[in-house]
Amino acid sequence: AMKGPREEIVYVPCIYRNTEVRKPDYLATVNVDPKSPNYCKTVEPVDMFWKCDLANPHTSHCLGSGQIMISTLGDPSGNGKGGFVLLDGETFELVGNWELPGEARPFGYDFWYQPRHNVMISTEWGAPKRLANGFNPADLEAGHYGQCLHVWDWNTHKHIQTLDLGEEGAIPLEIRFLHDPAAAEGYVGCALQGTVFRFYKTQKGDWAAERVIKVPVKKVEGWILPEMSGLITDILISLDDRFLYFSNWLHGDVRQYDITDRRNPHMVGQVFLGGSIQNDGPVKVLEDSELDSQPSPRIVKGKRIKGSPQMLQLSLDGKRLYVTTSLYSAWDKQFYPELIKYGSVMMQIDVDTVKGGLRLNENFLVDFGAEPEGPALAHEVRYPGGDCTSDIWL
């Protein structure tokens, strides 16, 4: 619970240092008291293995039927497999697969559905057994990462179209329809080359995608590659469908774009909070088409920010943006090893909702390294009553 002009409660699931990374448990909670949630059901990996032939659950959404739908990244052997499991909304018992037999995609990650257009669109990350060892460019060349969006018939659960985004759209992660339930368009953040694609329904009734944002790479030395992309790992859209936000997990910044012109977003806010190009670090930027100098480290309440902005959540009034710094423990260890030792943090950014603009709240910090069983790696942020990244209007 965060105290200010009014109390705000968010939930942040964490991974603790002594947790087995590869064990894909799904824990469901019921919030009898929002300040004291209790675990009420555990769905074990073996149940998902035998009943659904799926593993590595990721995104969850509630359905109009009352069921809970969860996307998956892989099969029980650690290969890529983009399927979906259903839980009963009352008992949290595992119901089975959402997709039809044989319809699972080569890779999975996030999804969003829009009932008024009878559509669901899902994204791809990569094969879990490759992700667990960190990022290796050879895995990309070998085809162990995805670059496609998958379009599904929401009523029949049938896969109907694949949108190949090409190299510019490699590793499409978080996907968001506009919140307006009548809108037939949205955006997806593509991590590897720092791009955002707009997807939309065409006049013919099928779906298409176009790149609308590209974060320039930076030429560097002292890093694992000669060029560093932004690595867009999370995006969200404000509830009024006016602003798009995303995080560049390698460069270290959070950006705010005005998307009132859907095909031509323009940046109106930016703030650096850690990252890999800080001016006192080992990486030297040789060429940068955006910045005149490398950003300075950020210190909040006496603590230097380690890691980089990753998962985002926006308050319902659009004025407070919450940011955590951990992506995935294997990748944290590779790119920001200090996170494993010290844990991650959650910060809050004040948002100008009139003209656009981002400013770090210097008086707010949640240090998950100080947890009693920590250090912990905080990831997703959720409001108990619904939020910008989980609510879908029918």
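Basis of the calculations
- Here, residues in each chain are numbered from 1, in the same order as that chain's written sequence.
- Only residues with pLDDT of 70 or above have their local features reported here, since the model is predicted, and side-chain atom pairs are shown and tallied only from 80 upward, although totals for entire chains, interfaces and linings are computed over all residues.
- Hydrogens are left out, water is left out, and the side-chain values use all remaining heavy atoms of the structure.
- UniProt positions are given in the numbering used here, feature names are shortened, and annotations may be inferred rather than shown by experiment.
- Only runs of H or I of at least four residues qualify as helices and only runs of E of at least two qualify as strands under DSSP, and these elements are numbered from the N terminus.
- Only protein chains enter the calculation, and the probe is 1.4 Å; a residue is then buried if its accessible area is under 20% of its type maximum, exposed if over 50%, and partly exposed in between.
- Contacts were defined at the residue level, with two residues in contact if any of their heavy atoms lie within 4.5 Å.
- Computed by Shrake-Rupley with a 1.4 Å probe, the accessible areas treat only the displayed protein chains as cover when residues are assessed.
- Polar contacts, as counted here, are pairs of nitrogen or oxygen atoms within 3.5 Å of one another; within protein the pair requires one atom able to donate a hydrogen and one able to accept it, and residues that are adjacent in sequence qualify only if both atoms are side-chain atoms.
- In this description, the arc belongs to the directions extending from the helix axis to the C-beta atoms.
- Nonpolar cores were defined as sets of buried Ala, Val, Leu, Ile, Met, Phe, Trp, Tyr and Cys residues, with membership established by side-chain atoms within 4.5 Å.
- Between any two strands, at least two bridges found by DSSP are needed for them to pair.
- For helices, the fitted axis covers only the stretch in contact; all axes are lines through C-alpha atoms, and the angles between them, taken along N-to-C directions, range from 0 to 180 degrees.
- Centres within 6.5 Å make a pair out of two Phe, Tyr or Trp rings, where for Trp the six-membered ring is used; the pair is then stacked when the planes are under 30 degrees apart, edge-to-face when over 60, and tilted otherwise.
- Charge-over-ring contacts are defined here by two conditions on Lys NZ or Arg CZ: a distance within 6 Å of the ring centre and an angle within 35 degrees of the ring normal.
- Definition used for salt bridges: Asp or Glu carboxyl oxygen within 4 Å of a side-chain nitrogen of Lys or Arg.

- The protein goes by Methanethiol oxidase in an unreviewed UniProt entry, where it is assigned to Astyanax mexicanus.
- The record held by UniProt for the protein lists under Pathway (unreviewed entry) the comment "Organosulfur degradation."
- On record in UniProt, under Function (unreviewed entry), the comment for the protein is "Catalyzes the oxidation of methanethiol, an organosulfur compound known to be produced in substantial amounts by gut bacteria. Selenium-binding protein which may be involved in the sensing of reactive xenobiotics in the cytoplasm. May be involved in intra-Golgi protein transport."

### A short note on the overall build of the protein
(1) Moving on: Looking only at helices and strands, the protein has 5 helices and 30 strands in total.
(2) Moving on: Split into buried and exposed, the 394 residues of the protein put 54% on the buried side.
(3) Moving on: Across the protein, every contact between residues at least 6 apart in sequence was considered, and the portion connecting residues at least 24 apart equals 56%.
(4) Moving on: When the accessible area of the protein is evaluated, it comes to approximately 17,000 Å², of which 48% is carbon and sulfur surface.

### Overview of the side chain of R198
(1) Moving on: Relative to the assigned elements, R198 resides in strand β14 (residues 195-201).
(2) Moving on: At 2.7 Å, the side chain of R198 and the side chain of E185 are in polar contact.
(3) Moving on: Within the structure, R198 has its side chain in polar contact with the side chain of E210 (distance 2.7 Å).
(4) Moving on: Setting aside anything within four residues of it in sequence, one finds R198 in contact with E185, G186, Y187, A208, A209, E210, V212, R262 and R263.

### Examining the environment of Q193
(1) Moving on: Structurally, Q193 can be placed in the loop between β13 (185-190) and β14.
(2) Moving on: For Q193, a relative accessible area of 25% translates into the label partly exposed.
(3) Moving on: Beyond its immediate chain neighbours, meaning those up to four positions away, Q193 contacts E167, E168, K214, V215 and S229.

### Comments concerning helix α1 (residues 45-52)
(1) Moving on: Residues of α1 that are buried: P45, M48 and C52. Looking straight down α1, one finds its buried side chains confined to an arc of 80 degrees; they lie on one side.

### Observations concerning the nonpolar core
(1) Moving on: Grouped together as the largest cluster of nonpolar side chains are 30 residues, with contacts concentrated most on W125, I171, W249, Y328 and W331.
(2) Moving on: In contact with W125, other than residues within four places in its own chain, are L73, F107, G108, Y109, L131, Y145, G146, I171, L173, Y328 and W331.
(3) Moving on: Counting residues in hydrophobic clusters, the runner-up holds 25 residues, among them L86, W98, I121 and V151.

### So, the environment of R382
(1) Moving on: In this fold, R382 is placed in the segment after β30 (376-378).
(2) Moving on: Spatially, the C-alpha atoms of R382 and Y322 are 9.8 Å apart, while their sequence positions differ by 60 residues.
(3) Moving on: Within the structure, R382 has its side chain in polar contact with the side chain of T389 (distance 2.6 Å).

### Describing the sheet that holds strand β11 (residues 159-164)
(1) Moving on: The sheet built from 4 strands is open, its strands ordered β8-β9-β10-β11 with antiparallel pairing. Here the strands that pair on one side only, and so sit at the sheet edges, are β8 (111-114) and β11. With strand direction ignored, the average angle separating the axes of adjacent strands in the sheet is 20 degrees.
(2) Moving on: As paired strands, β8 and strand β9 (residues 119-122) are joined by 4 bridges and run antiparallel to one another. Residue pairing in the sheet places Q114 in a bridge with V119 of β9.

### Quick notes on the packing of aromatic side chains
(1) Moving on: Under the counting rule described, the total for this entry stands at 21 aromatic pairs.
(2) Moving on: Taking 4.2 Å as the distance between ring centres and 5 degrees as the angle between the ring planes, the aromatic pair formed by Y113 and W154 counts as stacked. One end of the pair, Y113, is in strand β8; the other, W154, is in the loop between β10 (148-153) and β11, with 41 residues separating them in the sequence.
(3) Moving on: Above the plane of the ring of Y342 lies K306, whose end atom (NZ or CZ) is 4.8 Å from the centre.

### Brief notes about the pattern of salt bridges
(1) Moving on: One pass over the structure, following the stated rule, counts 21 salt bridges.
(2) Moving on: Across the pair E290 and K218 runs a salt bridge, and its minimum N-O distance is 4.0 Å. One end of the pair, E290, is in the loop between β22 (284-287) and β23 (299-300); the other, K218, is in strand β16 (residues 218-221), with 72 residues separating them in the sequence.
(3) Moving on: A relative accessible area of 33% places E290 in the partly exposed class.
(4) Moving on: Judged by its relative accessible area of 1%, K218 falls in the buried class.
(5) Moving on: Here E362 makes a salt bridge to R298, at a shortest N to O gap of 3.0 Å. In this pair, E362 sits in the loop between β28 (358-360) and β29 (366-367) while R298 sits in the loop between β22 and β23, placing the two residues 64 residues apart along the sequence.
(6) Moving on: Through salt bridges with shared partners, a single ionic network connects K218, D253, R255, D288 and E290.

### Focus on the environment of A183
(1) Moving on: Its place among the elements puts A183 in the loop between β12 (172-177) and β13.
(2) Moving on: Note: C-alpha distance between A183 and H117 (66 residues apart in sequence) is 8.6 Å.
(3) Moving on: Once residues within four sequence positions are removed from consideration, A183 is found in contact with Q114, H117, F177 and L178.

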